[in-house]
Amino acid sequence: MSEIKNLKPECVWRNFYALTQVPRPSGHLKKVQQFLLDFGKQAGVEAFLDDAGNVIMRKAATPGMENRKGVVLQAHMDMVPQKTPDSKHNFETDPIEPWIDGEWVKANNTTLGADNGLGVAAIMAVMEDKTLKHGPVEALVTADEETGMFGANDLKSGVLNGDILLNLDSETWGKFVIGSAGGIDITATLDYQEVEAETDDVALKVIMKGWKGGHSGLEIHEGRANANKLMARFVRDAITECDARLAVWHGGNMRNAIPYAAEVVLTMPKENMEAVKELVADWKAAFEDEYKIVENGVQFYAEEVEKPAMVVPVPIQDNLLNAIYACHNGVLRMIPAYPDVVETSSNLAIIDIESGRAAIKILARSAREDMKDYMVKTLESCFNMAGMKVETAGSYVGWDPNPDSEALHMLLRIYKELFNEDGIIQVDHAGLECSIILSKYPHMDVVSLGPTMKSPHTTTERALIPTVAPFWELLKKTLEEIPVK
């Protein structure tokens, strides 16, 4: 694993490796905050924690370049904590175990944290390098981006001094992002009184796992399976054909990740147990056929378990299932001006039904505020009809593209000079913190860039090694050529 530190450019990979050794799942950031503050002190730059839990660093300009526009390098410190079902990893205490697989850096049965650890590592490399030429540079390393962009939302105006914001959270090398979707969390809840299971019934736990999952923004258009939506199809059949009753449902675990696994506990008359098992096999074959072009390796099976004492009442069970079945999931509309980019989508991310409490969580995204509102009202209507209470939180606006950005055209020019090819301008469906920061610092000129990563928010997350060196070269050259104020 330590050979990661020897990859080129050593300054970026060494810092990235150090970051992987510090636990930093969203919501548990004290260790990484202290790590970054200690790093800033060792690097000889100003470093402090703001009221929002963000780490801010400031590095003075190279002598003679004090008149250049100030640059803010921005990334987020937290990572999505996903692991394989057999992994014993504890994200709050254990280091990530990165390893090299050909041209890729991967992690051992967990997310890698290259999203956004490589951006943070590049910022660290800038802060510690005494040979770089640059004007005033600030770093903004935000807290809890993955769970609601809380660090960016709580950032105060007047803290940052820069004129140009380079967000280092994009995931395709050679593409320069100038716009992204807004988003909002939607939670539907219902408290109910459980009823006793039938005396002579038996129980099965039905487990679905092994789908790709993925980033609910960047990969929502790829037609990947949503384990919650597929489980609903099976459960409805089991109830209709085999007199099954729902006791427990747990599916998904991250609001911004397509759920790759779900499991339910069903009770049923003893004489129908084999029929339910056959139904599992039938649906497994159907799902494999439906997704054979984009997915493989799904596991869908039933195992006998001790019968739970209580189950969901039939009317509540049916209402919940209808709502899950009807809930919009996936792409709603593409951007008319950018027909290859998703405009509006939703991700049925998490379902937890057990012990008299049902909670369903969805992340809706849109590049348009009116369409985001439409999606919220669509989902509210769906779950209200099931008698559920619907609440929203963590709303953030989209980032409107600025194709005339001076920083963008500077990056495109330098990219062409360095690599003899044209960069690509892109608008992303993923949520970036740029829009939130712009709402507090509207004068800033903002572009997002980064090396190539695949499958963030999943256990197959990986970073493409050959893209990190040119990313670093571009970043260094750009800092050197920032224009005067």
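Going by the structure above, here's the rest.
Residues numbered from 1 in each chain as written. Predicted model: local features only at pLDDT ≥ 70, side-chain atom pairs only at ≥ 80, totals over all residues. Heavy atoms only, no water.

Asker: In this structure, what is going on with the packing of aromatic side chains? I would like to understand it.
Answerer: The geometry of an aromatic ring pair is captured by two quantities: the separation of the ring centres and the angle between the planes. Scanning the model with the defined rule gives 9 aromatic pairs in all. Ring centres of Phe234 and Phe300 lie 5.5 Å apart, and the angle between their planes is 90 degrees; this geometry places the pair in the edge-to-face category. In this pair, Phe234 is assigned in helix 5 (residues 227-242) and Phe300 in strand 14 (residues 299-305), connecting sequence segments 66 residues apart. Since its relative accessible area comes to 0%, Phe234 is described here as buried. Note on Phe300: relative accessible area 5%, which makes it buried. Three or more aromatic residues link up through ring pairs in this structure, and these residues are Trp173, Phe176, Tyr415 and Phe419. In this arrangement the basic side chain of Arg236 is found over the ring face of Tyr325, its NZ or CZ atom lying 4.3 Å from the centre. (Phe/Tyr/Trp six-rings, centres within 6.5 Å; stacked < 30°, edge-to-face > 60°. Helix = DSSP H or I, 4+ residues; strand = E, 2+ residues; numbered from the N terminus. Buried < 20%, exposed > 50% of the residue type's maximum accessible area, 1.4 Å probe, protein only. Lys NZ or Arg CZ within 6 Å of the ring centre and 35° of its normal.)

Asker: What should I look at first to understand the side chain of Thr478 in this one?
Answerer: Within the fold, Thr478 resides in helix 11 (residues 468-480). Once residues lying within four places of it in the same chain are set aside, the contact partners of Thr478 are Leu166, Met410, Leu411 and Ile414. (Contact = heavy atoms within 4.5 Å.)

Asker: How should the nonpolar core be read in this particular structure?
Answerer: Most often, soluble globular proteins keep nonpolar side chains buried together rather than apart. Of all hydrophobic cores here, the largest spans 68 residues; its most connected members are Trp13, Leu36, Leu166 and Phe176. Among the elements that line this core, the one with the most residues is helix 3 (residues 114-128), at 10 residues. Contacts of Leu36, omitting those with residues within four sequence positions, involve Val55, Met57, Met77, Val120, Met124 and Val141. (Core = buried A, V, L, I, M, F, W, Y, C linked by side-chain atoms within 4.5 Å.)

Asker: So what exactly am I meant to see when it comes to the side chain of Arg245 here?
Answerer: Mapped onto the elements of the fold, Arg245 is located in strand 12 (residues 245-251). Within the buried set, Arg245 has no salt-bridge partner at all; the shortest N-O distance to an opposite charge, 4.8 Å, is to Glu198. In contact with Arg245, other than residues within four places in its own chain, are Val195, Val265, Leu266, Thr267, Val311, Val312, Pro313, Val314 and Gln317. (Lys, Arg positive; Asp, Glu negative; His and termini not counted. Salt bridge = Lys/Arg side-chain N within 4 Å of Asp/Glu carboxyl O.)

Asker: Explanation requested: the pattern of salt bridges in the structure shown.
Answerer: Summed over the entire model, instances satisfying the criterion amount to 27 salt bridges. Of the charged contacts, one joins Asp101 and Lys106 as a salt bridge, the two residues approaching to 2.7 Å between their closest N and O atoms. Taking relative accessible area as the criterion, Asp101 reaches 32% and is therefore assigned partly exposed. Here Arg233 makes a salt bridge to Glu290, at a shortest N to O gap of 2.6 Å. Taken together, the residues span a long stretch of sequence, with Arg233 in helix 5 and Glu290 in helix 6 (residues 273-290) at a distance of 57 residues. When salt bridges with common partners are traced through the structure, they connect Arg413, Glu417, Lys477 and Glu481 into a single cluster.

Asker: Could you clarify how one ought to interpret the environment of Ser448 in this entry?
Answerer: You can see Ser448 is positioned in strand 21 (residues 445-448). A relative accessible area of 0% places Ser448 in the buried class. Distance in space between the C-alpha atoms of Ser448 and Leu168 is 5.7 Å, their sequence separation being 280 residues. Setting aside residues up to four positions removed in sequence, Ser448 forms contacts with Asn167, Asp169, Ser170, Lys175, Phe176, Val177, Trp399 and Leu432.

Asker: How should the sheet that holds strand 23 (residues 462-464) be read in this particular structure?
Answerer: What holds strands together in a sheet is hydrogen bonding between their backbones, with the strands either parallel or antiparallel. Strands sit in the order 4-5-23-22 across an open sheet of 4 strands; the sheet is antiparallel. The open sheet has two free edges, formed respectively by strand 4 (98-101) and strand 22 (453-454), since each of these has just one partner strand. Looking at chain direction, strand 22 and strand 23 are connected through 2 bridges and run antiparallel. When the sheet's bridge partners are listed, Met453 is paired in strand 23 with Ala463. (Pairing = 2+ DSSP bridges.)

Asker: Looking at this structure, how should I read the pairing of strand 16 (residues 330-335)?
Answerer: Successive residues of a regular strand alternate their side chains across the two faces of the sheet. Taken together, the 5 bridges between strand 16 and strand 17 (residues 338-354) define a ladder with antiparallel strand orientation. Paired with Arg333 across the two strands is Thr344, which belongs to strand 17. If you look at the hairpin formed by strand 16 and strand 17, you'll find 2 residues sitting between the two strands.

Asker: Help me understand the environment of Ala349, please; the structure alone is not making it clear to me.
Answerer: You can see Ala349 is positioned in strand 17. Overall, Ala349 belongs to the buried group, its relative accessible area being 0%. Along the sequence, Ala349 and Lys361 sit 12 residues apart, while their C-alpha atoms lie 5.8 Å from each other. The contact partners of Ala349, leaving out residues within four places of it in the chain, are Asn228, Gly251, Gly252, Asn253, Met254, Arg255, Ala257, Pro259, Lys361 and Ile362.

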